[in-house]
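# Structural characterization, general
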Amino acid sequence: MRSRMSRREALKLGTNAAASAAMAPLLSATVAETKPSGGSAPETSPDICFMRAVNMAKAIREKKLSAREVMQAHLKQIGRVNSKVNAIVTLVAQEQLMAQAAAADESLAKGKLLGPLHGMPVGVKDLHETAGIRTTYGSPLHRDFVPDFDCRVVQREKAAGAIAIGKTNVPEFGLGSQTFNPVFGATRNPYDLSKTCGGSTGGGVVALACGMVPLADGSDMGGSLRNPPNFCNVVGIRTSPGRVPDVPTHLGWFTLSVPGPVARNVTDCAFFLSVLAGYDHDSPISIDQSGEQFARPLERSFQGVRVAMFKDMGLPWEPEVKSAVAAQGKVFESLGCIVEEAEPDFSDANECFVAWRHWSVELAFGDLIATHGDQLNEYIHWHVEEGRKLTGPYLARVEAKRTALFQRMTAFMNKYEFFVLPVNQVLPFNVNVHYPTEIAGTKMENYIAWMKSAYYISAVGNPAMSVPCALSQGGLPIGIQIVGRHHDDWGVLQLGYAFEQATNVGKRRPGIV
């Protein structure tokens, strides 16, 4: 591939949409730092690398930490840990990163704060275009592609003063919730190196869990901002479509794929969202609200708030996952919530999600099958083949079913402010297994069928986040999924924060760090 690509080509080949796709109160918050779960402290500086992002930003702003110290600490941590997990696959040259950190320090010395992320390193998903930094989409087709533009997510990060430290690993073109590809191989779960970290924001989440970055961006179509945090004991939120602009894209009205933040805790996740969110006239579904709302304090009373706890959603579950999440009802009750076992009617959710996924992937890759089919994986071939079977009348009826699904969800959420369920139906599985072929004796019909508990929520478009809730008997993380009302990303973050404060499961670090 040549090093430069036109915007038209980037929109066609980048597949962001199809494949995945008030600061002071928060910055001044004082919160306890996480501590290692056991073993001796590493020789590098965990005190910096495992600081909360809000505290790190405050320390830089108040000149108690320099951007150079922060960058150096993270580079050391990457050098120590990354080879074990393969999370960061393209690292910007150390001299360039240190020069950017020095420039941030010099700017602050002159009294100029660049933004809320001033001088902070950020991990960028390898589906997100970065000017001058290799962006492969996990595909051999783009092994050497270096964009000459930043996507909107990266533009907003840089505008807030962040430094893109490098690119984090993804499945090929972001397809599937298991992070491996023919360019870089697999990313491993830091809690058990023999297990998967999930996907497609797998590299970013593992980099967070290992202290290699304080913040990372991602995207979610079928669960990619929820499943990796669920598998790796961190936090991620699938934002409402239009909350974070997906620009550039060739599907402006598409709602299944959204960009968003991942972080080690809910406070940092909200902090990062305050930078990424906000109206964008280049996105036709952009929500006309400022991102600053997400920088407010997250405390709230949940006395009397009605919460629906899932029953089974008609899906198969690994018993440990189902029981761990069901047991969290008592935590919500301790917060004052009224918890009832109830769930929406998700009839047709599977058909709606899969049909529009076929349609969108065929649009993105249909023309490439003829010329580069041998370099596209079996998932793409399947989606393109199925996408070409779709007819206009069929899609019209699917969209009518999806509208009815949304209306049923809205009626349910008028009664309950939140719906709680597992993020995923399984525990982290073997890193050499591409996807689970069965769950509790039920055969999975395709490579994404094991993700229904996540992508049913994608189909209705409600905001949803993954927060750590338990560890399995074997020490593997299990996350809880909190779903809010239409466009109520703020309420989801507030309940996620309250749950996190009551449980503190996310404070446990993986042993390899």
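All values derive from a computational prediction rather than experimental measurement.

## Digging into the overall build of the protein chain
- Tallying secondary structure elements over the protein chain gives 18 helices and 17 strands in all.
- Taken over C-alpha atoms, the radius of gyration comes to 21 Å for the protein chain, in line with the 24 Å a tight globule of 513 residues would show.
- Along the three orthogonal principal directions, the C-alpha set of the protein chain runs to about 60 × 60 × 45 Å.
- Looking at the protein chain as a whole, 65% of its 513 residues are labelled buried.
- Surface exposure of the protein chain reaches about 17800 Å², of which carbon and sulfur atoms provide 50%.

## Describing the nonpolar core
- Membership of the largest hydrophobic core comes to 162 residues, with the highest contact counts inside it found for F419 and L493.
- Here this core gets eleven residues from one element, more than from any other, and that element is helix α14 (residues 349-372).
- Beyond its immediate stretch of four places on either side in the chain, F419 contacts A308, F310, M313, A342, E343, P344, F346, F412, M413, Q481, I482 and V483.

## Remarks on the packing of aromatic side chains
- Applying the stated criterion across every chain yields a total of 19 aromatic pairs.
- Taking the centre distance of 4.2 Å and the plane angle of 10° together, the rings of F353 and Y455 count as stacked. In this pair, F353 is assigned in helix α14 and Y455 in helix α17 (residues 452-460), connecting sequence segments 102 residues apart. In terms of burial, F353 and Y455 fall into one category: buried.

## Topic: the sheet that holds strand β16 (residues 464-471)
- Read across the sheet, eleven strands follow the order β1-β3-β2-β8-β10-β9-β16-β17-β13-β11-β12 without closing on themselves; strand pairing throughout is mixed. If you trace the sheet from one side to the other, it starts and ends with β1 (88-91) and β12 (338-341), each paired once. If you compare each strand with its neighbour and ignore which way they point, the axes differ by 30° on average.
- Where helix α12 (residues 319-326) meets the sheet, it contacts β11 (306-309), β13 (418-422), β16 and β17 (477-483), and its direction lies at approximately 55° from that of β17.

## A short note on the packing of helix α16 (residues 392-415) against α17
- One way to put it is that α16 packs onto α17 with a least axis distance of 9 Å and a crossing angle of 100°. Classified by the interaxial angle, the pair formed by α16 and α17 is roughly perpendicular. When α16 is examined against α17, the residues R402, L405, F406 and M409 are found in contact with a partner set consisting of S458, A459 and V460.
- Tallied by class, the residues present in the contact of α16 with α17 amount to five nonpolar, one polar and one charged.

## Some points on the environment of M451
- Inspection of the secondary structure puts M451 in the loop between β15 (442-443) and α17.
- A relative accessible area of 4% means that M451 is categorised as buried.
- On a C-alpha basis, the gap between M451 and N230 in space is 12 Å, while along the polypeptide they are 221 residues apart.

## Observations regarding the pairing of strand β3 (residues 163-168)
- Within β3, six of the six residues are buried, which leaves the element mostly enclosed by the surrounding structure.
- Both β1 and β3 contribute to a ladder of three bridges, which runs antiparallel. For T90, the partnering residue across the bridge sits in β3 and is K167.
- Relative to β3, strand β2 (residues 121-125) runs parallel, the two sharing five bridges. In the sheet register, K125 faces β3, and the bridge partner there is T168.
- In this fold, the crossover linking β2 to β3 by way of helix α8 (residues 152-159) has right-handed handedness.

Parameters at a glance
- Residues numbered from 1 in each chain as written.
- Predicted model: local features only at pLDDT ≥ 70, side-chain atom pairs only at ≥ 80, totals over all residues.
- Heavy atoms only, no water.
- Helix = DSSP H or I, 4+ residues; strand = E, 2+ residues; numbered from the N terminus.
- Rg over C-alpha atoms; globule rule 2.2 N^0.38 Å.
- Buried < 20%, exposed > 50% of the residue type's maximum accessible area, 1.4 Å probe, protein only.
- Areas by Shrake-Rupley, 256 points an atom, 1.4 Å probe, with all protein chains shown as cover.
- Core = buried A, V, L, I, M, F, W, Y, C linked by side-chain atoms within 4.5 Å.
- Contact = heavy atoms within 4.5 Å.
- Phe/Tyr/Trp six-rings, centres within 6.5 Å; stacked < 30°, edge-to-face > 60°.
- Pairing = 2+ DSSP bridges.
- Axes fitted to C-alpha atoms, helices over the stretch in contact; angles between N-to-C directions.
- Parallel < 35°, antiparallel > 145°, perpendicular 65-115°, else oblique.
- Nonpolar A, V, L, I, M, F, W, Y, C, P; charged D, E, K, R; others polar.
- Right-handed = clockwise from strand over helix to strand, strands pointing away.

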